[in-house]
Amino acid sequence: MADVTPFAVALLITALVGLAAVLSNRLGEWIPIPAPALFLLGAAVVSDAWPWLESVPVDLVGRVVTVALVVILFDGGMQIGWRSFRSAAGPIVLIGVAGTLLTAVALALAAHLIFGLDWRIAMLLGTALSPTDPAVVFSVLGRREIGGRSGVLLQGESGANDPVSIALLAVLLGTTHFDLGAVGFAFGAFALQMTVGLLAGAVGGLGLLWFMRRVPLPSAGLYSVRVLMCAMAIYGVATLAGGSGFLAVLVAGIVIGDQRAPYKPEIQRFHSALASLAEIVAFVMLGLTIQITGPHGVLAGDALWIGLGLAGVLLVIRPALVGLVLWRVDLTRGERAFVLWTGLKGAVPILLGTFILQAGVTDAARAYEIIFVVVACSVIVQGGAVPALAGRLGVPLRIVNPRPWALGARFEEEPDGLRRFVVAAGSAADGVTVADIPAADFWVSVIIRQGRLVNVSAQTVLLPGDEVLVLAEPESEADLAAIFTRPGARSPRRPPRTDP
């Protein structure tokens, strides 16, 4: 029993850090710095005060962040859903693939030509720092939710560019020389990882959806745990098959995102909370493995200045290159500027930095310190400006208040024809009365607006953001989904009208 006291101290510290992580989502309402940045810097300061914390093995950090990223990507896929992804699939793929590759190349050139880094470490740094993380954006926005296409683009971009960067770095770490043959091999390995990951995610997502719908469990709490374990299994199968496990879990999340299944709202809430904690864990692990002061700290070498320089270069590269990719996408000027600014760095550069360390590449320790500086600058400088910038650019934001009270009914069998939709701005249902909705054989039973019930009548006008419960024939679900959720799908038959 001699180890009871040290164990109790460790458990107490873990519980306090976890509690702080849970409460961190409210910090964005009080201070303009994302909560992950506070945990990153706080962990770094703590590790300097207690040097024994710096002995955390880098392979352990990599494994913990890998699990965290699987949770984050799967939740991100569920938040996007197939319908939203399909409406913006082209821009998401363009930014996620072409934008990521262009950013990685431009950063590598800057690291080599401006800061004199070796070509190999410059390419690894460029790849590690190219992916973005909108989870940091959403953490600083707090209860405010981004509306319009910019929110879908930011979420989809992160989900797409994370697997691309991870697969590209894995290929680069396995390549020791660069000639025409090596480039061909790298391209083939990258394409294989993407293809296998995509197929594994699609098949795994469909299988998971069948599992969720057809196999009942004895307890409501087990449904969320089952989905989490299946997401981990999809990652493992895809990785063992030679594909990108991260792309697989993202695709699986998209497949089940807007599909009906038992206890689906509870499953989504569970995974969203877990993803928020996973983001904090990733930043804490990076902070614990970095020494700021001392003879071998970040402040002692040139990693600080190189990191600050690359962070500044990123502020120029992203608007130039990603803006070029997006120039034909239908966005307002404000939305375009907001998407180009909010390319914040998060958990993925941390994970890729651990991969570089584990590979034993020359100058890997300095590269890891540079990643720390760039990530810290990104979340503090760019992230701190996000709320004010959104307001000035006219990006639609809406307050999403928590709803701790629920009134509903549960069924043993799936209720046929009962559907829930959220009215999208610019959809056929936006601004029209219930009587004028261009569809037949349906019944609007409940309308929730800003957390309050609305009295439903034939003359009730629907507004963007309204949650609508509809009873209709099962075969009309696709048509109703288009009417309520597809922007730009206004009906030519009936002009929208307002209450007299």
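On a predicted model such as this, the values are computed, not experimentally measured, just so you know. (Residues numbered from 1 in each chain as written. Predicted model: local features only at pLDDT ≥ 70, side-chain atom pairs only at ≥ 80, totals over all residues. Heavy atoms only, no water.)

Peer 1: Quick question: what am I supposed to make of the overall build of the protein here?
Peer 2: The helix and strand inventory of the protein stands at 16 helices and six strands. Residue burial in the protein is summarised as follows: out of 500 residues, 47% are buried. Pairs at least 24 residues apart make up 81% of the contacts formed inside the protein by residues separated by at least 6 positions. Element-wise, carbon and sulfur atoms account for 67% of the exposed surface of the protein, whose accessible area totals about 24,000 Å². (Helix = DSSP H or I, 4+ residues; strand = E, 2+ residues; numbered from the N terminus. Buried < 20%, exposed > 50% of the residue type's maximum accessible area, 1.4 Å probe, protein only. Contact = heavy atoms within 4.5 Å. Areas by Shrake-Rupley, 256 points an atom, 1.4 Å probe, with all protein chains shown as cover.)

Peer 1: So what exactly am I meant to see when it comes to the pairing of strand β4 (residues 442-449) here?
Peer 2: Here is the key point about a regular strand: its side chains alternate between the two faces of the sheet. Sheet topology places β4 next to strand β6 (residues 467-472); six bridges connect them, and they run antiparallel. If you follow I448 over to β6, its bridge partner there is E467. Both β4 and strand β5 (residues 452-454) contribute to a ladder of three bridges, which runs antiparallel. Note that in β5 the partner of R449 across the bridge is R452. Taking the residues that link successive antiparallel strands as the turn, the β4-β5 hairpin has two residues, and the phi of Q450 there is positive, at about 55°. (Pairing = 2+ DSSP bridges.)

Peer 1: Is there a simple way to think about the sheet that holds β4 in this case?
Peer 2: Two strands in a sheet stick together by hydrogen bonds in their backbones, pointing the same way (parallel) or opposite ways (antiparallel). Here we have four strands laid out as an open sheet, ordered β3-β6-β4-β5, and antiparallel in their pairing. The open sheet has two free edges, formed respectively by β3 (418-422) and β5, since each of these has just one partner strand. Strand-to-strand twist across the sheet, computed as the mean angle between neighbouring axes with direction ignored, equals 25°. Direction of pairing for β3 relative to β6: antiparallel, over a ladder of five bridges. (Axes fitted to C-alpha atoms, helices over the stretch in contact; angles between N-to-C directions.)

Peer 1: Just to check I follow, could you spell out the pattern of salt bridges for this structure?
Peer 2: As a working rule, side chains carrying opposite charge can pair if their charged atoms are close by. All told, the structure shown has seven salt bridges when counted by the stated rule. A salt bridge links D258 to R83; the nearest nitrogen and oxygen atoms lie 4.0 Å apart. Highlighted residues: D258 in the loop between α10 (245-257) and α11 (264-288) and R83 in helix α3 (residues 58-87), separated in sequence by 175 residues. Its salt-bridge partner being R269, residue E266 comes within 4.0 Å of it at the nearest N-O pair. Of this pair, E266 and R269 both sit in helix α11, three residues apart, which is roughly one turn of that helix. Judged by relative accessible area, which is 54%, R269 ranks as exposed. (Salt bridge = Lys/Arg side-chain N within 4 Å of Asp/Glu carboxyl O.)

Peer 1: How should I be thinking about the packing of aromatic side chains in this particular structure?
Peer 2: For any pair of aromatic rings, the description rests on two quantities: the centre-to-centre distance and the angle between the ring planes. Scanning all chains against the criterion turns up four aromatic pairs. For the pair Y223 and Y263, a centre-to-centre distance of 4.6 Å together with 40° between the ring planes defines the contact as tilted. Of this pair, Y223 sits in helix α9 (residues 221-240) while Y263 is found in the loop between α10 and α11, placing the two residues 40 residues apart along the sequence. A relative accessible area of 7% means that Y223 is categorised as buried. In this arrangement the basic side chain of R226 is found over the ring face of F211, its NZ or CZ atom lying 4.7 Å from the centre. (Phe/Tyr/Trp six-rings, centres within 6.5 Å; stacked < 30°, edge-to-face > 60°. Lys NZ or Arg CZ within 6 Å of the ring centre and 35° of its normal.)

Peer 1: What am I meant to see in the environment of L209 here?
Peer 2: Assignment of secondary structure puts L209 in helix α8 (residues 180-214). Judged by its relative accessible area of 9%, L209 is buried. Not counting the four nearest positions on each side in its chain, L209 is found in contact with I256, Q259 and R260.

Peer 1: Help me understand the confidence of the model for the protein in this model?
Peer 2: Regions with low pLDDT carry predicted coordinates that are not meant to be interpreted in detail. In the predicted model, the protein carries a mean pLDDT of 82, and the fraction of residues at 70 or more is 86%. When mean pLDDT is taken per element in the protein, α9 scores highest with 95 and helix α6 (residues 134-141) scores lowest with 66. (pLDDT = per-residue confidence, 0-100.)

Peer 1: Please explain the environment of L73 as it appears in this structure.
Peer 2: Mapped onto the elements, L73 comes out in helix α3. A sequence separation of 87 residues divides L73 from A160, and the C-alpha atoms of the two residues are 9.4 Å apart. In contact with L73, not counting residues within four places along its chain, are G159, D162, F246, V249 and L250.

Peer 1: How should the packing of α3 against α10 be read in this particular structure?
Peer 2: Packed helix pairs are characterised by how far apart their axes lie and by the angle those axes make with each other. Taken N-terminus to C-terminus, the directions of α3 and α10 make an angle of 40°; their axes are 6 Å apart at the nearest point. Our classification of the angle between α3 and α10 gives oblique. Crossing hand, α3 versus α10: right-handed. Within the contact between the two elements, α3 uses T66, L69, V70, L73, F74, G77, M78, G81, W82 and F85 and α10 uses F246, V249, L250, A252, G253, I254, I256 and G257. (Parallel < 35°, antiparallel > 145°, perpendicular 65-115°, else oblique. Left-handed = near helix turned anticlockwise from the far one by under 90°.)

Peer 1: Would you mind going over the nonpolar core with me for this structure?
Peer 2: The nonpolar side chains of a soluble globular protein tend to be buried with one another. Core analysis: the biggest nonpolar cluster contains 113 residues, and F74, L310, I356 and F372 have the highest contact counts within it. For this core, the leading source of residues is helix α15 (residues 364-393), giving 14 residues. Look past the residues within four positions of L310 in its chain and what remains in contact with it is L107, A110, A111, F115, L125, L129, I370 and V374. One finds F421, V423, A481 and I483 within the second-largest nonpolar core, a separate group that totals 18 residues. (Core = buried A, V, L, I, M, F, W, Y, C linked by side-chain atoms within 4.5 Å.)

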